[in-house]
Amino acid sequence: MSVRVERDKETGVAVVTLDRPERHNALTLEMARELGAAWRAFRYEDEVRAIVVTGAGGRAFCTGIDREDAGRVPQPSSPYTIDDPLLAIGPKANDLWKPVIAAVEGMACGGAFYLLGEAEFLIAGENATFFDPHTTYGMVSAFETVHMAQRMPHGEVARMALMGGAERVSARRAYETGLVSEVTAPGGALGAAREAAAVIASYPTEAVQGTVRALWSTKEASRAQALAHAPHLVTLGNLPAERQAELFTRRGGGHRLR
């Protein structure tokens with residue numbers, strides 16, 4: 001299995017780790033199913049009161065869906081619908097209202113934002129970088145952009161999405177714009193996230209989950225409405241898969257780090 005789950009009964013904290021470091025923790029279809037199953041299982045585990053999600057290896061939190069698996073997902077011909085295997089990889093999509101903290105080291109890009117967008121807050125090592133390469137390769141950034149628009153100022157999300165793979169947002173800049181709540185030394189994000197989760201897990205769980213639910217209710221309506229438009233924008237705006245592949249083979253350097 002490429003998704004590891006560890007539970008600490010003493011603290012009430014579970015750690016979900018994307019464990020595919022040789023592929024920068026890119027998500028396979030099986031990993032997407034494992035994540036959904038893990039979040040749903042936590043709903044019934046009263047001993048788990050807070051959760052940390054992270055990536056193995058230190059080089060990347062997650063780089064989105066694995067390109068090989070993406071090509072295995074058949075799509076309907078209608079521009080009004082899309083089959084996206086990442087739609088249900090986050091905790092909120094699986095009706096889990098226990099607090100989730102993301103610990104980010106290295107790269108976090110593309111489909112990683114489905115997970116980051118459904119965490120309560122993010123802690124990042126100084127080496128973390130955030131970027132969204134969709135437009136570079138002829139793809140609409142819709143679901144990812146909607147998730148990030150709940151966390152960052154409009155102009156910052158627009159710049160990250162429209163600049164595509166040419167620009168990387170540093171952990172420090174992510175902290176300045178509100179995407180990240182704490183920056184640690186490289187390698188320190190998981191430890192800091194565990195500590196924060198343990199504090200939260202020590203409080204009465206009904207109050208904690210009620211607070212999580214209240215916070216999400218403040219943006220739920222606008223988020224749901226925006227996500228409803230996303231499938232049409234993707235199907236109408238994406239280049240055909242073969243054209244996307246051509247752009248991938250010609251990708252180059254020139255990344256800007258802020």
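Everything quoted here is computed from the prediction, not taken from an experiment.

Enquirer: Help me out: how do you make sense of the overall build of the chain in this one?
Expert: Within the chain one finds ten helices and eleven strands. For 258 residues, the compact-globule estimate of 2.2 N^0.38 gives 18 Å, and the chain sits close to it at 18 Å. Seen through its principal axes, the chain has C-alpha atoms that stretch 50 × 40 × 35 Å. Looking at the chain as a whole, 50% of its 258 residues qualify as buried. Here the contacts in the chain between residues at least 6 apart in sequence split such that 75% fall between residues at least 24 apart. Of the accessible surface of the chain, which amounts to about 11900 Å², a share of 55% is contributed by carbon and sulfur atoms. Charge separation in the chain, taken as the distance between the mean sites of 28 positive and 31 negative side-chain charges, equals 4 Å.

Enquirer: Sorry, what's going on with the sheet that holds strand β7 (residues 121-125) here?
Expert: The strands that make up a sheet are held in pairs by hydrogen bonds between backbone atoms, and each pair lies either parallel or antiparallel. Taken together, six strands build an open sheet; the order of strands is β1-β2-β3-β5-β7-β10 and the sheet is mixed. Every other strand in the sheet has two partners, leaving β1 (3-8) and β10 (182-184) as the edge strands with one partner each. Averaged over neighbouring strand pairs, the angle between their axes works out to 20° when direction is ignored. Pairing of β1 with strand β2 (residues 13-18) involves six bridges; the strand directions are antiparallel. Across the sheet, Glu6 pairs through a bridge with Val15, a residue of β2. Helix α7 (residues 189-201) rests against β1, β2, β3 (50-55), β5 (100-104), β7 and β10 of the sheet, and its axis sits at about 170° to β5.

Enquirer: Teacher, can you tell me more about the nonpolar core here?
Expert: A general feature of soluble globular proteins is that nonpolar side chains tend to end up buried together. Residues Leu35, Trp39, Ile51, Phe61, Val104, Leu116 and Phe130 are the most contacted members of the largest nonpolar core, which totals 48 residues. Core analysis: the second largest hydrophobic core is formed by 14 residues, Val13, Ala192, Ala201 and Val208 among them.

Enquirer: What is the right way to read the sheet that holds strand β6 (residues 107-109) from this model?
Expert: The strand order β4-β6-β8-β9-β11 describes an open sheet built from five strands, whose pairing is mixed. Two strands bound the open sheet, and with one partner strand each, they are β4 (60-62) and β11 (256-257). With two bridges connecting them, strand β8 (residues 129-131) and strand β9 (residues 167-170) associate as antiparallel partners. Along β9, the bridge assignment pairs Thr129 with Ser170.

Enquirer: Hey, could you run me through the environment of Val48 in this one?
Expert: Position of Val48 among the secondary structure elements: in the loop between α1 (29-42) and β3. Of the residues examined, Val48 reaches a relative accessible area of 2% and is grouped as buried. The spatial distance from the C-alpha of Val48 to the C-alpha of Thr205 is 9.6 Å, given a sequence separation of 157 residues. Beyond its immediate chain neighbours, meaning those up to four positions away, Val48 contacts Arg7, Gly12, Ala14, Phe42 and Lys98.

Cut-offs used in this document
- Residues numbered from 1 in each chain as written.
- Predicted model: local features only at pLDDT ≥ 70, side-chain atom pairs only at ≥ 80, totals over all residues.
- Heavy atoms only, no water.
- Helix = DSSP H or I, 4+ residues; strand = E, 2+ residues; numbered from the N terminus.
- Rg over C-alpha atoms; globule rule 2.2 N^0.38 Å.
- Buried < 20%, exposed > 50% of the residue type's maximum accessible area, 1.4 Å probe, protein only.
- Contact = heavy atoms within 4.5 Å.
- Areas by Shrake-Rupley, 256 points an atom, 1.4 Å probe, with all protein chains shown as cover.
- Lys, Arg positive; Asp, Glu negative; His and termini not counted.
- Charge placed at Lys NZ, Arg CZ, Asp CG, Glu CD.
- Pairing = 2+ DSSP bridges.
- Axes fitted to C-alpha atoms, helices over the stretch in contact; angles between N-to-C directions.
- Core = buried A, V, L, I, M, F, W, Y, C linked by side-chain atoms within 4.5 Å.

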